[in-house]
Amino acid sequence: SHSKNQPENSTFSAAASYAHDYWPCGGWVGEEDEEWVARAAYKTFYGIVRLRVLSDATLQIDLSVDPAGSQGPFQAGFTLRLRHPIVSGLSGKSLVLDATPFQATAQELGGGFRHGSVSVKGPEDFRVYWPFSPYNAYAADHKSGLDASLLRVGVELTPTRRRASFILN
């Protein structure tokens, strides 16, 4: 996903010396080796998302970068729509999805979390952000209401660590 008015909603982004590089210049979406693949060309790097169906109930999301002209770091992530009013960490920690913003680390959450019927596990340094408000061109502050907010899952990639994987089931 990307939005010219909301760089933090881009699947990939990198701080470049001249600007924040988050808007794809081109790319390709299709199927490769029984995976759904989206390749995006940014001004200073390439981003790739691979979705692999592991079973009827399990999906793997791979986020990777090729740092062609940037040393990063690169932000990579995806959003989940609101399905339940609580995020339950595998550590037992519960976070209420209300008007109070939070950032939770994978370590705080025990390496993953449940949100409604979905369980998300990922690398040891991923973060969960709440609330992530989609861009709304019709609102004075361009923010959607809390009922339209999303849960953002993000991870930092670097030229030495170019890939992160998440398992959803």
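Just above sits the structure.
Below is a short write-up of the structure. Keep in mind that this is a model prediction, so the values were computed, not measured.

## A short note on the overall build of the protein chain
Here is step 1 of the chain: When you go through the protein chain residue by residue, the secondary structure sums to one helix and 15 strands.
Here is step 2 of the chain: Computed over its C-alpha atoms, the radius of gyration of the protein chain comes to 16 Å, within 12% of the 15 Å expected for a compact globule of 169 residues.
Here is step 3 of the chain: Projected onto the principal axes, the alpha-carbon positions of the protein chain cover approximately 45 × 40 × 25 Å.
Here is step 4 of the chain: Accessible surface computed for the protein chain: about 9,200 Å², of which carbon and sulfur atoms make up 52%.

## As for the nonpolar core
As a rule of thumb, nonpolar side chains are buried together in soluble globular proteins.
Here is step 1 of the chain: In this structure, Phe 78, Phe 113 and Phe 166 are the most contacted members of the largest nonpolar core, which totals 33 residues.
Here is step 2 of the chain: Setting aside residues up to four positions removed in sequence, Phe 113 forms contacts with Leu 80, Val 87, Ser 88, Gly 89, Leu 90, Val 118, Ser 119, Val 120, Phe 126, Val 128, Leu 151 and Val 153.

## Let's talk about the pairing of strand β10 (residues 102-105)
Here is step 1 of the chain: With burial as the criterion, only one face of β10 is covered, namely that bearing Phe 102 and Ala 104; the residues Gln 103 and Thr 105 on the opposite face remain uncovered.
Here is step 2 of the chain: Looking at chain direction, β10 and strand β13 (residues 127-132) are connected through four bridges and run antiparallel. The residue bridging Ala 104 from the neighbouring strand is Val 128, located in β13.

## Comments concerning the pattern of salt bridges
Here is step 1 of the chain: Across all of its chains, the model carries seven salt bridges by this definition.
Here is step 2 of the chain: The shortest N-O distance in the salt bridge between Arg 50 and Glu 32 comes to 3.1 Å. Of the two residues, Arg 50 sits in strand β5 (residues 46-55) while Glu 32 sits in strand β3 (residues 26-32), which places them 18 residues apart along the sequence.
Here is step 3 of the chain: Within the structure, one salt-bridge network assembled from shared partners comprises Glu 32, Glu 35, Arg 39, Arg 50, Arg 52, Asp 62 and Arg 163.

Reading the values: rules and limits
- Residues numbered from 1 in each chain as written.
- Predicted model: local features only at pLDDT ≥ 70, side-chain atom pairs only at ≥ 80, totals over all residues.
- Heavy atoms only, no water.
- Helix = DSSP H or I, 4+ residues; strand = E, 2+ residues; numbered from the N terminus.
- Rg over C-alpha atoms; globule rule 2.2 N^0.38 Å.
- Areas by Shrake-Rupley, 256 points an atom, 1.4 Å probe, with all protein chains shown as cover.
- Core = buried A, V, L, I, M, F, W, Y, C linked by side-chain atoms within 4.5 Å.
- Buried < 20%, exposed > 50% of the residue type's maximum accessible area, 1.4 Å probe, protein only.
- Contact = heavy atoms within 4.5 Å.
- Pairing = 2+ DSSP bridges.
- Salt bridge = Lys/Arg side-chain N within 4 Å of Asp/Glu carboxyl O.

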